[in-house]
Amino acid sequence: MQLPTSFDHLIEEANALNLYKKLILQLNKDFLLANVDLDFHEEVLPSSLKLLLHETVYRLIQEKFNEYLNLLYIIDVPEKDVKALNGDDVLELSEEVMFLILKREWQKVWFKNKYS
């Protein structure tokens, strides 16, 4: 599996394989497990998905750091990837973490689709 290198690439691949809705459902499932109040509609536009997810990650980093760490744990974002990010600018950091979250969720959806 070749991991996407950008948000747009990830969305293109999800749409091409008809897995965008499953990606949204996986996000909703893991956010619910992490007890983070975010629930996307299945028909959410990719631009809205990106904006809402970015805002939520930013808010968690700023205001609810323990919940942020719990979310990363539940989604299973690789710790080494998070540690490799530059934390000087929280806005930029939250955008990069948002993409790490989406990439990990995409892996889950892709593997479930391929091997089930």
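Residues numbered from 1 in each chain as written. Predicted model: local features only at pLDDT ≥ 70, side-chain atom pairs only at ≥ 80, totals over all residues. Heavy atoms only, no water.

**Thoughts on the overall build of the protein**
Phase 1: Helix and strand content of the protein: six helices and zero strands.
Phase 2: In the protein, the succession of α and β elements from N to C terminus is α-α-α-α-α-α.
Phase 3: Counting every position in the protein, which comprises 116 residues, the buried fraction comes to 41%.
Phase 4: Surface exposure of the protein reaches about 7,000 Å², of which carbon and sulfur atoms provide 51%. (Helix = DSSP H or I, 4+ residues; strand = E, 2+ residues; numbered from the N terminus. Buried < 20%, exposed > 50% of the residue type's maximum accessible area, 1.4 Å probe, protein only. Areas by Shrake-Rupley, 256 points an atom, 1.4 Å probe, with all protein chains shown as cover.)

**Description of the pattern of salt bridges**
Phase 1: Within the structure shown, the criterion is met by six salt bridges.
Phase 2: Overlapping salt bridges bring together Asp-30, Glu-105 and Lys-108 as one network. (Salt bridge = Lys/Arg side-chain N within 4 Å of Asp/Glu carboxyl O.)

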